[in-house]
Amino acid sequence: MAQQINEIMTADPTTVTPQTPIVEVARLMREEDIGEVLIAEGDHLRGLVTDRDLVVRAMADARDVESTTAQDVGSTDLVTCSAQDDVSEAVRLMREHALRRLPVLDGDVLVGVVSLGDLALEQDRGSALGDISATEPNR
């Protein structure tokens, strides 16, 4: 069983710049079959955009998808964890802040992302959430 976040995280997460139009963010999510994209400048985390952000902060307000950017709809006040943190720390942070994913930093450099599904698979593959997380996505 993994002890540190860097053993279970997704390394090299999908990122966009703060100025990326949300139409490109949505296409990237579709192409990579993911529900979140990290906003970064170089190796430095600036925010996070989820599929829910696109709906609630852009579509619901009828914002223009070409001129609205990732930084316009993304969250910037993020909870993060360190690549060297124990897995239990990620569980604690997700529980405390009701999160489904945590960006992973090494110092101030973005190195990965850990999701609720990653933790479920690591902690108890036979649990309902672990079983769902291990299933191939619908196409």
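See the structure above.
Let us look at the structure shown here.

Cut-off values and rules
- Residues numbered from 1 in each chain as written.
- Predicted model: local features only at pLDDT ≥ 70, side-chain atom pairs only at ≥ 80, totals over all residues.
- Heavy atoms only, no water.
- Helix = DSSP H or I, 4+ residues; strand = E, 2+ residues; numbered from the N terminus.
- Buried < 20%, exposed > 50% of the residue type's maximum accessible area, 1.4 Å probe, protein only.
- Contact = heavy atoms within 4.5 Å.
- Areas by Shrake-Rupley, 256 points an atom, 1.4 Å probe, with all protein chains shown as cover.
- Pairing = 2+ DSSP bridges.

## Observations concerning the overall build of the protein
So, point 1. Each helix and strand in the protein was counted, giving six helices and seven strands.
So, point 2. Put simply, the protein runs from its N terminus to its C terminus through helices and strands in the order β-β-α-β-β-α-α-β-α-β-β-α-α.
So, point 3. When the 139 residues of the protein are sorted by exposure, 39% land in the buried category.
So, point 4. Contacts in the protein between residues at least 24 apart in sequence constitute 53% of all its contacts with a sequence separation of at least 6.
So, point 5. Of the roughly 8100 Å² that the protein leaves accessible, carbon and sulfur atoms contribute 45%.

## A short note on the pairing of strand 4 (residues 44–50)
So, point 1. Here strand 4 lies mainly inside the structure; five of its seven residues are buried.
So, point 2. With six bridges connecting them, strand 3 (residues 36–41) and strand 4 associate as antiparallel partners. Directly across from V37, in strand 4, lies its bridge partner V49.
So, point 3. Remark: two residues form the turn of the hairpin made by strand 3 and strand 4, two consecutive strands paired antiparallel; G42 in that turn has positive phi of roughly 65°.

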